[in-house]
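Analysis of the macromolecular model
Residue-level listing of the chains:
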Amino acid sequence: MAEQLGALIHERVEQEKTIKKAELRALQAQITPHFMYNTLETIVWLAEEGRNSEVVEMTMAFTGFLRISLSRGADYITVEREEQHVANYLQIQSVRYGSIMRYTIDIDPALHERYMLKIVLQPLVENAIYHGIKRRRGGQITVTGRRQAGGMYFAVEDNGMGMTPERLAEVRASLQNGAPLDPDGKGGYGLRNVEQRLRLYYGCGLTIESEYRH
């Protein structure tokens, strides 16, 4: 009986994990439409302006972004493809934001063939744009990737306004307990989605640091 009970508990845990993965995939699908609409609108605007070379570049970046996002349903992709995914996203956003946004991607090529959970970096970059440099009307975003203690370390940084210590504590607490990041329940879905997926697949979440700048 003890063995049967243990097997049933294990089966139930695995079922709940599968359900949770499906829920998170659905949430992940819900966070991208606004970006897709904005990108298509920008491509149309560039075409109307006669900026054909930029139309081609942005369209290629967009199709590359979508191709890696789908990845034939795979949950894990190589670090190289994850880097390409975030590079495509930043290239698209740099057209939209122009000179107010600068970015650097510095991921160790030695990591390229290793596998990681897909679409981890892009939502963090999106958060850095909308809650970092956009509020300060410009700035720098840096994406880095390094080997660390037998594993991999990735960071997304921006030089935006940052968060007050109180707001930083709220964000950390919200990610821990799964509550909405904003009081009205809107926004922060990308950050929360990454946190939940990291915990589900790796057993650990994000580390968030911020320094408030007046």
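Residues numbered from 1 in each chain as written. Predicted model: local features only at pLDDT ≥ 70, side-chain atom pairs only at ≥ 80, totals over all residues. Heavy atoms only, no water.

Quick look at the sheet that holds strand S4 (residues 139-148) now. In space, the three strands of this open sheet follow the order S2-S4-S5, with mixed pairing throughout. Whereas interior strands pair on both sides, the edge strands pair on one side only; in this sheet they are strand S2 (101-107) and strand S5 (151-158). Ignoring which end each strand starts from, the neighbouring axes of this sheet average 10° apart. Here S2 pairs with S4 via seven bridges, running parallel. The residue of S4 that forms the bridge with isoleucine 105 is valine 143. In the packing of helix H4 (residues 79-97) onto the sheet, the strands contacted are S2, S4 and S5, and the crossing angle to S2 comes to about 170°. (Pairing = 2+ DSSP bridges. Helix = DSSP H or I, 4+ residues; strand = E, 2+ residues; numbered from the N terminus. Axes fitted to C-alpha atoms, helices over the stretch in contact; angles between N-to-C directions. Contact = heavy atoms within 4.5 Å.)

Of all residues in the protein chain, 91% have pLDDT values of 70 or greater, and the mean over the chain is 86. The lowest-confidence element of the protein chain is helix H1 (residues 2-30), averaging 73 in pLDDT; the highest-confidence one is S2, averaging 96. (pLDDT = per-residue confidence, 0-100.)

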